[in-house]
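# Breakdown of the fold
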Amino acid sequence: MVTIVGHMIVATWNMKQAVAPKKPLNELWNWIENEIDPDIIVLTEARPPKEIDHEKWGMIYKPGGIGARRTWGTIVAARKPIELVKAEFKVNAFDEAEWASPAPGSVESVDVVLEGEIWATVVGAYAFMPNSKNGLEALDGILCEVIDVIASGRERVIVAGDFNLWPNDLNRFMNDLPLIDAIGTIDGIPELEDGKGGSRIWTHKNGNSPNAARQEIDYIYVSEAMADEFVTGGGGIDDYPSSWEFSDHAPVVVQLKVD
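A short tour of the structure in this document, coming up. In this text, all values refer to a predicted model and were calculated from it rather than measured experimentally.

Conventions used here
Residues numbered from 1 in each chain as written. Predicted model: local features only at pLDDT ≥ 70, side-chain atom pairs only at ≥ 80, totals over all residues. Heavy atoms only, no water. Helix = DSSP H or I, 4+ residues; strand = E, 2+ residues; numbered from the N terminus. Rg over C-alpha atoms; globule rule 2.2 N^0.38 Å. Buried < 20%, exposed > 50% of the residue type's maximum accessible area, 1.4 Å probe, protein only. Contact = heavy atoms within 4.5 Å. Areas by Shrake-Rupley, 256 points an atom, 1.4 Å probe, with all protein chains shown as cover. Lys, Arg positive; Asp, Glu negative; His and termini not counted. Charge placed at Lys NZ, Arg CZ, Asp CG, Glu CD. Core = buried A, V, L, I, M, F, W, Y, C linked by side-chain atoms within 4.5 Å. Salt bridge = Lys/Arg side-chain N within 4 Å of Asp/Glu carboxyl O. Pairing = 2+ DSSP bridges. Axes fitted to C-alpha atoms, helices over the stretch in contact; angles between N-to-C directions. Phe/Tyr/Trp six-rings, centres within 6.5 Å; stacked < 30°, edge-to-face > 60°. Lys NZ or Arg CZ within 6 Å of the ring centre and 35° of its normal. Parallel < 35°, antiparallel > 145°, perpendicular 65-115°, else oblique. Left-handed = near helix turned anticlockwise from the far one by under 90°. Nonpolar A, V, L, I, M, F, W, Y, C, P; charged D, E, K, R; others polar.

## What about the overall build of the protein chain?
- Check the secondary structure of the protein chain and you find four helices and 14 strands.
- For 259 residues, the compact-globule formula gives about 18 Å, and the C-alpha radius of gyration of the protein chain, at 17 Å, lands near that figure.
- A buried classification covers 54% of the 259 residues belonging to the protein chain.
- A separation of at least 24 residues holds for 69% of the contacts in the protein chain among residues at least 6 apart in sequence.
- Accessible surface, the protein chain as shown: approximately 11900 Å² in total, 48% of it carbon and sulfur.
- One finds the centroid of the 22 positive side-chain charges in the protein chain at a distance of 8 Å from the centroid of its 41 negative side-chain charges.

## Remarks on the nonpolar core
- In this structure, Met8, Ile40, Ile82, Leu84, Trp119, Ile158 and Leu256 are the most contacted members of the largest nonpolar core, which totals 29 residues.
- Of all the secondary-structure elements, those providing two or more residues to this core are β1 (6-14), β2 (40-46), β4 (73-79), β6 (105-114), β7 (117-127), β8 (157-162), β12 (218-223) and β14 (252-258).
- For this core, the leading source of residues is β14, giving four residues.
- If near-sequence neighbours (up to four positions away) are discounted, Ile40 is found in contact with Met8, Ile9, Val10, Ala11, Val76, Ala77, Ala78, Ile82, Val112, Trp119 and Val122.

## Digging into the pattern of salt bridges
- If you walk through the whole model with that rule in mind, you get nine salt bridges.
- One salt bridge in this structure joins Asp111 and Arg154, with 3.0 Å as the shortest N-O distance. Note that Asp111 is positioned in strand β6 and Arg154 in the loop between α2 (136-151) and β8, a separation of 43 residues in sequence.
- Note on Asp111: relative accessible area 5%, which makes it buried.

## Some thoughts on the sheet that holds β14
- The six strands lie next to each other as β3-β4-β2-β1-β14-β13, forming an open sheet whose pairing is mixed. In this open sheet, the two strands that pair with only one neighbour each are β3 (57-63) and β13 (230-235). The average undirected angle you get between the axes of adjacent strands in this sheet is 15°.
- Relative to β4, β3 runs antiparallel, the two being bridged by seven bridges. Within the sheet, the bridge partner assigned to Ile60 lies in β4 and is Val76.
- Against the sheet, helix α1 (residues 25-36) makes contact with β1, β2, β3, β4 and β14, and its axis sits at roughly 145° relative to β1, the strand it touches most.

## Structural notes on the packing of aromatic side chains
- Within this structure, the stated rule accounts for eleven aromatic pairs.
- Relative to Tyr126, the ring of Trp72 lies with its centre 5.5 Å away and its plane at 90°, an arrangement referred to as edge-to-face. Of this pair, Trp72 sits in the loop between β3 and β4 while Tyr126 sits in strand β7, and the two are 54 residues apart along the sequence.
- Assessed through its relative accessible area of 7%, Tyr126 is described here as buried.
- For the pair Phe94 and Trp99, a centre-to-centre distance of 6.3 Å together with 65° between the ring planes defines the contact as edge-to-face.
- Here the aromatic cluster, defined as three or more aromatic residues joined through ring pairs, consists of Trp13, Trp31, Tyr240 and Phe246.
- Against the face of Phe246 rests Lys23, its NZ or CZ located 5.5 Å from the ring centre.

## Focus: the packing of α2 against helix α3 (residues 167-174)
- Following both chains from N to C, one finds α2 and α3 inclined at 30°, their axes separated by 11 Å at the closest point. The angle between α2 and α3 places the two elements in the roughly parallel class. Of the two possible hands of crossing, α2 and α3 adopt the one that is right-handed. Within the contact between the two elements, α2 uses Leu136, Leu139 and Leu143 and α3 uses Leu170, Phe173 and Met174.
- In terms of residue class, the contact of α2 with α3 is made up of six nonpolar, no polar and no charged.

Set out below in structure tokens:
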């Protein structure tokens, strides 16, 4: 349960609802509550469970799969008394002719409200891979939404989700924004042995082979204005060893101070 004075646990996890879901939604949600135990969570390739206790949880969900029949999308959920409000801001803040829409990504931007005030804005993102083997095609649209959120005057921003890109590739673009790669700031986390593209934690199991790629494609970024509030973080299969029983992804989790 969140405490207004204390620490906020923010997480992201891919629920694997796009292709061959591994577990029923109620089992997935129980795992979220009992194993990840977040205050705020961005869920990608996600569907909301019917059995969720709305007295305990609030969520904003935008179905956004590929094609009309794929109703999975991106969820931002939070334990009450945290409130969630869909973020309103000017799209294409700089009136650029080639400004991208969020498609082909599933993006949801949500204001997180504590005691009547916006504590932060969460941009939850999933990068589609329509014509390639990574999320690069979707990145432009996702970053345009992030820039619009920042341009609206919101200084406290969290960007989280599944980008389908390795750290070395994604951070070439993210480092141009006033955002900090939370896992990358933790002292003592080396690159994974045999990890792909500078991966630090193993968040995605690419197939069931013993030689499945050890790769990190799920992230949490915080804006520079929130950097001093970062306490610690982690995730991946080492921190959540039962992850592969529920998804082909393992969560990423960070702890932030709340005054």
